[in-house]
Amino acid sequence: MKAKVDSEIKEHLRGRFAEFIKSKRMRQTPERFAILDKVFEQRVHFDIDELYRDIESEYRVCRATVYNTVELLCECNILRKHYLNENQAAYELSDDRHLHLICLNCGKVREVRDEGFNECFEKMKFRQFKASFISTNIYGLCSSCTRKMKKE
Ligand SMILES: [Zn+2]
Ligand SMILES: [Zn+2]
C-alpha cells in the first residue's frame, strides 16, 4: 500500500522544505528534493533502508545523505519518527494523528484514528513543556495471530 499524497500537498510540503533549508543556510540540492519525492511514494511507515533501496535504483546518493535529509524532514515537521518494532525507527508523514496497534507476534502495524483520544490530547497541559505531537503504540495480538494461536 502506498501513502496517498496529492500533488497540492506535495507542492506545499516541497515549499515548506525549501524554506526550512534556506533558514538553516543549507544548500537546496536536487538530491534532497528527490529524496522528498521518494518519501511521498513510501508505504505508510518506512525505514531508512527501505527508502534508500528505493532511491538507489534511480539516483546516485549516499546513505548518509538519505539519513540527513530524513532527519531534516523530521526537524521541519514533515516527517515523524516512531519506534514501532525492536527499536528500529520508522517514519511517516506527519499530517495526521493516529494510534498504532502493533502485533507482538507478527509485528504488523495497524493505524486507528480515535476522535476521543485526539480531544483528550488537545486538552493535556504539561508544566514547562510544550508538546508538539504524540506517538502512541498499543501492543497486543492481531486477529490472524489470535486465530492461529487458537488452532494450535
Ligand atoms: Zn499478528
Ligand atoms: Zn502511523
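Residues numbered from 1 in each chain as written. Chains lettered and ligands numbered in written order. Predicted model: local features only at pLDDT ≥ 70, side-chain atom pairs only at ≥ 80, totals over all residues. Heavy atoms only, no water.

Chemist: Before we go on, may I ask you to explain the domain arrangement of the protein in this structure?
Modeler: Assigned domains of the protein: these are domain 1 (7–93) and domain 2 (99–151). Each of domain 1 and domain 2 has a C-alpha centre, and the two are 24 Å apart. The interface of domain 1 with domain 2 comprises 9 residues on the first partner and 9 residues on the second. Each partner contributes to the roughly 710 Å² buried at the junction of domain 1 and domain 2, and carbon and sulfur atoms together form 52% of this total. Summed over the shared surface of domain 1 and domain 2, the number is 0 salt bridges. In this assembly, domain 1 and domain 2 are joined by 3 residue pairs in polar contact (both at pLDDT 80 or more). (Domains from an automatic or database assignment. Contact = heavy atoms within 4.5 Å. Buried area = accessible area lost by both parts, 1.4 Å probe. Salt bridge = Lys/Arg side-chain N within 4 Å of Asp/Glu carboxyl O. Polar contact = N/O pair within 3.5 Å; in protein donor to acceptor, adjacent residues only side chain to side chain.)

Chemist: Mind showing me how you'd approach the coordination of the zinc ion (ligand 1) here?
Modeler: Every protein donor of the zinc ion (ligand 1) is accounted for by Cys103 (SG), Cys106 (SG), Cys142 (SG) and Cys145 (SG), and the metal-donor separations fall at 2.3 Å. Seen from the zinc ion (ligand 1), its 4 donor atoms lie at angles of 103 to 114°, and the figure they make is tetrahedral. The sequence pattern describing where the donors of the zinc ion (ligand 1) fall on their chain is C-x2-C-x35-C-x2-C. By the burial criterion, Cys142 is buried, and Cys145 matches it. (Donors = N, O, S within 2.8 Å, 3.2 Å for Na, K, Ca; no water. Tetrahedral: all angles 85-135°; square planar, octahedral: opposite > 155°, others 65-115°. Buried < 20%, exposed > 50% of the residue type's maximum accessible area, 1.4 Å probe, protein only.)

Chemist: For this particular structure, what's the right way to read helix H4 (residues 63–75)?
Modeler: The periodicity of an α-helix, 3.6 residues per turn, causes residues three or four positions apart to be oriented the same way. Compared with an ideal rise of 1.5 Å per residue, which puts 13 residues at 18 Å, H4 spans 18 Å between its outermost C-alpha atoms and is within 8% of the ideal. Listed in full, the buried residues belonging to H4 are Val66, Thr69, Val70, Leu72, Leu73 and Cys74. The elements touched by buried residues of H4 are helix H1 (7–23), helix H2 (30–41), helix H3 (48–56), strand S1 (79–85) and strand S2 (88–93). One or two steps after H4, the chain reaches Asn77, where phi turns positive at roughly 70°. (Helix = DSSP H or I, 4+ residues; strand = E, 2+ residues; numbered from the N terminus. Expected span 1.5 Å × (residues − 1).)

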